[in-house]
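Here's the letter readout for the chains.
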Amino acid sequence: MTCQSLVLTRKTNILFIRSFTILVLIWIVMKTEVCFSSVLSSLKALHLQGYITFENNEFASRDFGNQIHSHPLAVVHPKSVTDISEIVTHVWQMGPASELTVAARGHGHSLQGQAQARGGVIINMESLRQDQEMQVYYRGVQFPYVDVSAGELWINILHETLKYGLAPKSWTDYLHLTVGGTLSNAGISGQAFRHGPQISNVRQLEVVTGKGEVLICSQEQNADLFHAVLGGLGQFGIITRARISLERAPKMVKWIRVLYSDFSTFARDQERLISASKTFDYIEGLVIKNKTGLLNNWRTSFDPQDPVQASHFVSDGRTLYCLELTKNLYPEKFDTVNQEIEDLLSQLSYIPSTLFMSEVPYIDFLDRVHASELILRSKGLWDLPHPWLNLLVPKSKIQHFANEVFGNILSDTNNGPVLVYPIHKSKVDNRTSFVCPDEDIIYLVAFLSHANPSPNGTDSLQHVLTQNKRILDFCEVSHLGVKQYLPHYTTQEQWRTHFGPKWEVFVQRKSVYDPLAMLAPGQNIFQKAVSVS
């Protein structure tokens, strides 16, 4: 064969390959468009009591963390649990060939896109609550409870139950969150030392599994599903209704703040209080670093026990630890409560000049963060990125953690509060999906930072993210046995490490309740249509 023939043959082959490649690409594009059109048509053809939107769904691609933005294909606004079952069943029946996923979205307070579904279906759970009334049961029952929609906000539950002199036992520090959202994580606050997190105060759930089944579950009925979805990060089903335990609610509380300059003393006093038979009703701690005029700021809401000494206290440049406490006030105890508080405080080793106290309505204390929210919203600062980091630290490692993190890594707390307080592990049912260190007492440490606009042009978000990474790297290198709360990982291997001995149970439950791995894709634990084992 001549050189000219070889050149001609090569040119012909190249042209054929190019033409074939173009045809294949055109075929793929056409098939994709046909599939996309088919998916849209099938969703539009569903007969729901509520409705589906395919445009103007930008809200569902954002969350409180404001760092990850994934746009969905559609948003379902359900009017009933049947609507949710219809949608999930429809996607389930499409099988593994479809890449469509489903995520439940409450009030949008996730931090890392956990309630988002890129190109998938978002279920707007707040729409569900509009047609499901709360029902409070207190007559003729041994223990009162309330039945609520999973899309209901905790603040609304508080308002309703207070009409009966009752309230849920356990809270989060911020009440404008949905029931389904907090129960899918844990729901931890200053009452958890006594009552456990919110997942320890649920009596019954209604759940739509990843196959579209609507199941009632409790400790006695479908118990495995019940324990799976509590703290299950939305992986096993969509919680649509919950039965929450209630207790007698006070009308007023004594709200107390004191300061410490030594972490070990601060931690010892917290541990003493959460283990005492007679103690406060709410116990939380905060780290305060490089805050100026701290006690003067407290005076707007609190009265100092010793105004003269308090006025001489200097907080500038110091690392301090605030112990925040409340005592419920009931009419039959008005005569003795002040003495009880005095007796409890006498056992603590705080800085005497920093004792501040106030008496406020119970609802005002529980909803205190919302007051700050309104101020931040008025300044346009509420929707900033929130690169929060929440950790669970074993008691045996908390001093080492504090020495390095609070002493060296943390430069100040001006970008947001840093919480640190202990809870009893025994208050958490180990059968749930919630993961925490294996010690009797564990500390929640929460770095609740926001990325402030930087007038000097520095990247505030990157600064916080770098600080978070330094903290996580320290924990890993030092083998502290720390677990993330509200966890975020990017690989399954990281998730496997996070769950540890619980991983096999987690995977097995996934294969039973969501075998196509189509639920809660924003958690990045499983990939749809890929084996979860």
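What comes next concerns the included structure. Everything numeric in this text was worked out from a predicted model, so none of it was measured.

What counts, and where the lines are drawn
Residues take numbers from 1 onward in each chain, read along the sequence in its written order. A pLDDT threshold of at least 70 governs which residues receive local features in this predicted model, and a stricter bar of 80 or more applies before side-chain atom pairs are shown or counted, although totals over entire chains, interfaces and linings include all residues. Values reported for side chains reflect all heavy atoms of the structure, with hydrogen atoms and water molecules removed beforehand. Numbered from the N terminus, helices here are DSSP runs of H or I no shorter than four residues, and strands are runs of E no shorter than two. For every residue, the accessible area obtained with a 1.4 Å probe (protein chains only) is divided by the maximum for its type, and the residue is called buried under 20%, exposed over 50%, and partly exposed between those limits. Working rule for contacts: check all heavy atoms of both residues, and any pair within 4.5 Å makes them a contact. Between Lys or Arg on one side and Asp or Glu on the other, a salt bridge is scored when a side-chain nitrogen of the former is within 4 Å of a carboxyl oxygen of the latter. Nonpolar core, defined: a set of buried Ala, Val, Leu, Ile, Met, Phe, Trp, Tyr and Cys residues in which side-chain atoms within 4.5 Å join the residues together. Two strands are counted as paired when DSSP detects at least two bridges linking them. Here a Phe, Tyr or Trp ring, Trp counted by its six-membered ring, pairs with any other such ring whose centre lies within 6.5 Å, and the pair is stacked when the planes are under 30 degrees apart, edge-to-face when over 60, and tilted otherwise. One fewer than the residue count of a helix, multiplied by 1.5 Å, yields its expected span. Angular values range over 0 to 180 degrees, each being the angle between N-to-C directions of two axes fitted as lines to C-alpha atoms, with helices fitted over their stretch in contact. The cut-offs work like this: below 35 degrees is roughly parallel, past 145 is roughly antiparallel, 65 to 115 is roughly perpendicular, and the gaps in between are oblique. By convention the crossing between two helices is left-handed if the near helix lies anticlockwise of the far one by an angle smaller than a right angle, and right-handed if it lies clockwise. Classes in brief: Ala, Val, Leu, Ile, Met, Phe, Trp, Tyr, Cys and Pro nonpolar; Asp, Glu, Lys and Arg charged; the others, Gly included, polar.

## Considering the overall build of the protein chain
Phase 1 of the analysis: For the protein chain, the count of helices and strands is 17 helices and 19 strands.
Phase 2 of the analysis: The proportion of buried residues among the 533 residues of the protein chain is 54%.
Phase 3 of the analysis: A separation threshold of at least 6 residues defines the contact pool for the protein chain, and within that pool the share at least 24 residues apart is 76%.

## Digging into the pattern of salt bridges
Close approach of charged atoms allows side chains of opposite charge to pair.
Phase 1 of the analysis: Under the definition given, this model contains 19 salt bridges.
Phase 2 of the analysis: For Lys254, the salt bridge goes to Glu359, with nearest N and O atoms at 3.4 Å. Of this pair, Lys254 sits in strand β11 (residues 252–260) while Glu359 sits in strand β15 (residues 356–361), placing them 105 residues apart in sequence.
Phase 3 of the analysis: With a shortest N-O distance of 2.8 Å, Arg257 and Glu324 are connected by a salt bridge.

## Some points on the nonpolar core
Phase 1 of the analysis: Counting residues in each nonpolar core, the largest one holds 109 residues, and the members touching the most others are Leu43, Val102, Leu183, Leu205, Leu259 and Phe434.
Phase 2 of the analysis: Ranked by size, the runner-up nonpolar core spans 43 residues in total, among them Leu391, Ala402, Val445 and Leu480.

## Re the pairing of strand β14 (residues 319–329)
Phase 1 of the analysis: With 10 of 11 residues buried, β14 lies mostly within the body of the structure.
Phase 2 of the analysis: Note: β11 against β14, 9 bridges, orientation antiparallel. Looking at β14, one finds that Ile256 is bridged to Leu325.
Phase 3 of the analysis: Looking at chain direction, strand β12 (residues 282–289) and β14 are connected through 8 bridges and run antiparallel. In the strand pairing of β14, Ile283 is matched with Leu325.

## Observations regarding the packing of aromatic side chains
Phase 1 of the analysis: Evaluation of the coordinates by the stated rule reveals 27 aromatic pairs.
Phase 2 of the analysis: Ring centres 5.2 Å apart and planes at 50° place the aromatic pair Phe64 and Trp382 in the tilted group. Placement of the pair is Phe64 in the loop between β1 (51–53) and β2 (74–77) and Trp382 in the loop between α13 (368–378) and β16 (389–394), with a sequence separation of 318 residues.
Phase 3 of the analysis: By way of ring pairs, the aromatic residues Phe236, Tyr489, Trp495, Phe499, Trp503, Phe506 and Phe526 are connected into one cluster.

## Some points on helix α15 (residues 460–477)
Phase 1 of the analysis: In a regular helix each residue adds 1.5 Å, so 18 residues correspond to 26 Å; α15 covers 26 Å between its end C-alpha atoms and thus fits that length.
Phase 2 of the analysis: Of the surrounding secondary structure, the elements contacted by the buried residues of α15 are β16, α14 (398–409) and β18 (441–447).

## Things to note about the packing of α14 against α15
Phase 1 of the analysis: As a packed pair, α14 and α15 sit with axes 11 Å apart at the nearest point and diverge in direction by 155°. Regarding the angle of α14 to α15, the classification is roughly antiparallel. As α14 packs across α15, the resulting crossing turns out to be right-handed. On α15, the residues touching His400, Phe401, Glu404, Val405 and Ile409 of α14 are Gln467, Arg470, Ile471, Phe474 and Cys475.
Phase 2 of the analysis: Tallied by class, the residues present in the contact of α14 with α15 amount to 6 nonpolar, 2 polar and 2 charged.

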